[in-house]
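Structural features, examined
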Amino acid sequence: MTFGIEAAGYYVPSLYLEIRDLAEKRGIDPAKLEKGLGLHKMGFPDVHEDAATFAAEALLKLIRDHNLNPKDIARIYLGTESALDAAKPTASYAMQMIEKVLEKEFGERCFRNCDVVDMTFACIGAVDALHNSLDFVRANPGKKAVVIASDYAKYELASSGEYTQGGGAVALLVSSKPDLLEIENNWGIATEGVFDFFKPRRHYNKEDLNSAPEAFPDKIEIFTDEPVFDGQYSNQCYQDRIREAYQHYKEITGKDKPYEAWKYLIFHLPYAFHGKRVFTEIYSLENGLPYETPDEQKAVAKSEDYLKFISEKIERSQRASSEIGNMYTASIFMAFLSAIQVAFDEGEELAGSEIGFLGYGSGSKSKVFAGKISENWKTEAAKWNLFENLKNRTAIDFQTYEMLHRKKLESSVNNDYKGFGLTSVESENPVLKGARYYHYKD
Ligand SMILES: CC(=O)CC(=O)SCCNC(=O)CCNC(=O)[C@H](O)C(C)(C)COP(=O)(O)OP(=O)(O)OC[C@H]1O[C@@H](n2cnc3c(N)ncnc32)[C@H](O)[C@@H]1OP(=O)(O)O
């Protein structure tokens with residue numbers, strides 16, 4: 001019996017900012033962002049959008065595109081690091097939204113017996129949800145699970161993370177009928193507790209608030225969704241973890257140079273060119289190339305062999321990221337959809353091809369695993385229209401972007417939007433304070 005991904009749906013926010021506009025306003029050479037990091041557009045949520053609406057959109061698309069009966073979904077595990085609440089999972093918000101929309105067809109509370117939860121480990125939380133859900137379907141081969149990766153990657157204005165912002169969601173149907181990707185059960189894993197990128201909770205009692213500036217004299221804000229991070233150190237942690245997890249994968253599979261058998265290498269992409277920039281170390285180790293000094297590292301990155309390797313095995317997976325930006329937990333899955341969509345659009349045959357995945361989550365952990373593209377993959381890819389849909393977003397100017405970022409816009413940019421939207425956050429009723437209310441517009 002085989003297990004893996006049966007189907008996939010996705011959602012990207014309806015707005016975007018041209019990266020050139022950001023570069024100009026921040027005094028950054030646009031060539032650095034475009035040619036150095038591979039950034040072109042930055043996906044940005046409208047006023048009514050958040051990680052819960054992204055998740056609900058991706059799940060509804062998955063259900064509609066595949067005529068799924070929601071009662072056949074035994075669990076929904078959602079990976080996110082943009083949770084809207086510290087107790088009530090974002091998955092339960094998405095589930096509530098979908099139940100309302102499907103009420104006419106499937107009756108009240110169609111997810112009544114569904115196991116719903118969030119999983120958090122920075123950007124690798126959805127890989128964890130996938131790993132866990134694969135174990136679940138292996139133990140219960142007749143059941144189906146859904147994994148959703150949903151995030152809004154927001155950084156402080158004018159920080160080095162600002163130009164990597166993005167967001168969106170990918171939903172995967174996991175089952176014993178892997179029409180898209182059959183996943184093998186070998187997981188190379190590496191973990192180390194570090195502070196490369198994190199979102200410390202900043203909750204104060206009322207009395208403490210008065211003394212907060214003294215106790216925390218620096219820039220610590222209350223209720224922020226922006227991370228504390230050290231960019232170059234996070235790059236190093238990423239590189240170290242994927243090297244260790246790849247080594248572990250080799251040990252448990254006994255495979256020599258596994259990357260050579262992979263048609264595509266799919267990375268967690270905090271920005272489009274990250275995977276190809278950091279893989280030089282593993283590539284050098286595997287091929288006995290010197291990699292000690294910065295000159296040696298540059299020589300590998302610029303070598304003809306490595307450039308050919310990138311264009312054959314990595315480039316296709318970068319294309320969606322260049323148009324969207326970081327999607328945190330969803331980035332690795334969007335990179336996968338990107339590579340498959342390009343192959344589909346260009347008429348390539350992928351059935352039977354092996355794909356390698358290198359996930360990373362700050363804090364930190366990496367998982368390396370592999371899968372095989374299924375015979376039916378084209379039927380799946382034909383439903384996505386990924387690059388067409390990316391063309392249908394609305395461009396915003398820099399001023400609107402800053403207003404949205406600072407949460408100063410009163411109403412949505414796309415006020416006549418269709419789909420899920422946040423309508424209000426409870427502020428009056430003391431036993432519901434902070435509850436978020438959503439609706440669906442046909
Ligand atoms: C957050 C997560 O999602 C989890 C993770 O993956 S952690 C690892 C990633 N970390 C992050 O994303 C944290 C937030 N981001 C950041 O802090 C920063 O954006 C970053 C650290 C990722 C990048 O830092 P940076 O200082 O902007 O870029 P830098 O590392 O110097 O690279 C710039 C590249 O542009 C190139 N470049 C610069 N100017 C250029 C120009 N005019 N023309 C062409 N290329 C240019 C540089 O040569 C360099 O490329 P190479 O090293 O490949 O040659």
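Residues numbered from 1 in each chain as written. Predicted model: local features only at pLDDT ≥ 70, side-chain atom pairs only at ≥ 80, totals over all residues. Heavy atoms only, no water.

Basically, it comes down to this: UniProt positions are given in the numbering used here, feature names are shortened, and annotations may be inferred rather than shown by experiment.
The chain is annotated in an unreviewed UniProt entry as Hydroxymethylglutaryl-CoA synthase from Chryseobacterium luteum. We quote the UniProt Sequence similarities (unreviewed entry) comment for the chain here in full: "Belongs to the thiolase-like superfamily. HMG-CoA synthase family."

Here's the deal with the site of the ligand
Stated precisely, the cut-off is as follows: By convention in these notes, a residue is near a molecule or strand provided one of its non-hydrogen atoms lies within 4 Å of it. Polar contacts, as used here, are pairs of N or O atoms within 3.5 Å; protein pairs need one atom able to donate a hydrogen and one able to accept it. Residues neighboring in sequence count only if both atoms are side-chain atoms. A 1.4 Å probe and the Shrake-Rupley method give the accessible areas. Residues count as covered only by the protein chains that appear here. Elements are defined by DSSP. Helices are runs of H or I of four residues or more, strands are runs of E of two residues or more, and each kind is numbered from the N terminus. The classification used treats Ala, Val, Leu, Ile, Met, Phe, Trp, Tyr, Cys and Pro as nonpolar, Asp, Glu, Lys and Arg as charged, and all other residues, Gly among them, as polar.
Neighbouring the ligand are 28 residues, the closest being Lys32, Ser160, Tyr163, Ser234 and Arg277. Contact distances for the ligand include 2.7 Å between an oxygen atom and a backbone N or O atom of serine 160. Interatomic distance of 2.8 Å between a side-chain N/O atom of serine 234 and a nitrogen atom of the ligand. Relative to its free-state accessible area of 1100 Å², the ligand is covered by the protein chains to the extent of 75%. Put simply, the parts of the chain that give the shell around the ligand at least two residues each are α2 (30-36), α7 (231-253) and α8 (274-278). The leading source of residues in the shell around the ligand is α7, at five residues. Looking at the shell around the ligand residue by residue, the classes come out as 12 nonpolar, 12 polar and four charged.

Overview of α7
Put simply, the rule is: Expected span of a helix, by definition, is 1.5 Å for each gap between consecutive residues, and there is one gap fewer than residues. Here's how the labels work: a residue is buried when its accessible area is under 20% of the maximum for its type, exposed when over 50%, partly exposed in between, all with a 1.4 Å probe on protein chains only. Residue contacts are defined here by distance: any two heavy atoms, one from each residue, within 4.5 Å place the two residues in contact.
The end-to-end C-alpha distance of α7, which contains 23 residues, comes to 33 Å, matching closely the 33 Å that a straight helix rising 1.5 Å per residue would cover. Of all the residues in α7, the buried ones are Ser234, Cys237, Tyr238, Gln239, Asp240, Arg241, Ile242, Ala245, Tyr246, Tyr249 and Lys250. Those residues of α7 that are buried are in contact with β9 (188-191), β12 (262-267), α8, α9 (280-287), β13 (354-361) and β14 (365-373). The first or second residue beyond α7 is glycine 254, which carries a positive phi of 70°.

Remarks on the sheet that holds strand β15 (residues 394-395)
Defined as follows: Each pair of strands is called paired provided DSSP finds at least two bridges between the two strands. Fitting a line to C-alpha atoms yields each axis, with helices limited to the stretch in contact; the angle taken between N-to-C directions then spans 0 to 180 degrees.
Strand order in the open sheet made by the three strands is β3-β2-β15, with mixed pairing throughout. Because the sheet does not close on itself, it has two edges, and the strands there are β3 (41-44) and β15. Pairing between strand β2 (residues 15-18) and β3: four bridges, direction antiparallel. Bridging across to β3, leucine 15 finds its partner in phenylalanine 44. Running over the sheet, helix α1 (residues 19-26) touches β2 and β3 and is turned about 50° from β2.

Quick look at the packing of aromatic side chains
Let me state the cut-off plainly: Any two rings among Phe, Tyr and Trp, with Trp reduced to its six-membered ring, count as a pair given centres within 6.5 Å; such a pair is stacked if its planes are under 30 degrees apart, edge-to-face if over 60, and tilted if neither. The rule for a charge over a ring is simple: NZ of Lys or CZ of Arg within 6 Å of the ring centre, and within 35 degrees of the ring normal.
Scanning all chains against the criterion turns up 27 aromatic pairs. Through a chain of ring-to-ring contacts, three or more aromatic side chains come together here, namely Tyr246, Tyr249, Tyr259, Trp262, Phe267, Phe279, Tyr283, Tyr306 and Phe309. A cation over a ring is seen here: lysine 276 above phenylalanine 273, with NZ or CZ 3.6 Å from the ring centre. Here lysine 441 stacks its cationic end above the ring of tyrosine 417, 4.2 Å away from the centre of that ring.

Comments concerning the UniProt feature "domain: Hydroxymethylglutaryl-coenzyme A synthase N-terminal" (unreviewed entry) in the chain
Mapped onto this structure's residue numbering, the UniProt feature "domain: Hydroxymethylglutaryl-coenzyme A synthase N-terminal" (unreviewed entry) falls at residues 3-176. Between the first and last C-alpha atoms of residues 3-176 the distance is 4 Å; the span itself is 36% helix and 28% strand.

Concerning the environment of threonine 379
With respect to the helices, strands and loops of the structure, threonine 379 is situated in helix α14 (residues 377-381). Threonine 379 sits in the exposed class, given a relative accessible area of 52%. A C-alpha to C-alpha distance of 9.6 Å links threonine 379 and alanine 7, two positions 372 residues apart in sequence.

A few points about the environment of serine 159
Along the chain, serine 159 falls in the loop between β6 (144-153) and β7 (166-175). The exposure class of serine 159 is buried, given its relative accessible area of 16%.

Some points on the nonpolar core
We count it as follows: Each nonpolar core is a collection of buried residues, namely Ala, Val, Leu, Ile, Met, Phe, Trp, Tyr and Cys, held together in the definition by side-chain atoms within 4.5 Å.
Core analysis: the biggest nonpolar cluster contains 78 residues, and Phe279, Met334 and Phe336 have the highest contact counts within it. Top element by residues in this core is helix α13 (residues 331-345). It accounts for nine residues. Among all residues touching phenylalanine 336, those that are not within four sequence positions of it are Leu180, Leu181, Ile266, Ile355, Phe357 and Ile373. Counting 54 residues, the second largest nonpolar core, distinct from the first, contains Ile19, Ala23, Ala94 and Leu102.

Brief notes about the confidence of the model for the chain
We apply this condition: Note on scores: pLDDT gives the predictor's confidence for each residue, bounded by 0 and 100.
A residue-level look at the chain finds 95% of positions with pLDDT of 70 or above and a mean pLDDT of 95. Ignoring residues within four places in sequence, the model shows residues 216-221, a span with pLDDT below 50, making four contacts including any to other chains. The complex model carries a pTM of 0.96, and its ipTM stands at 0.98.

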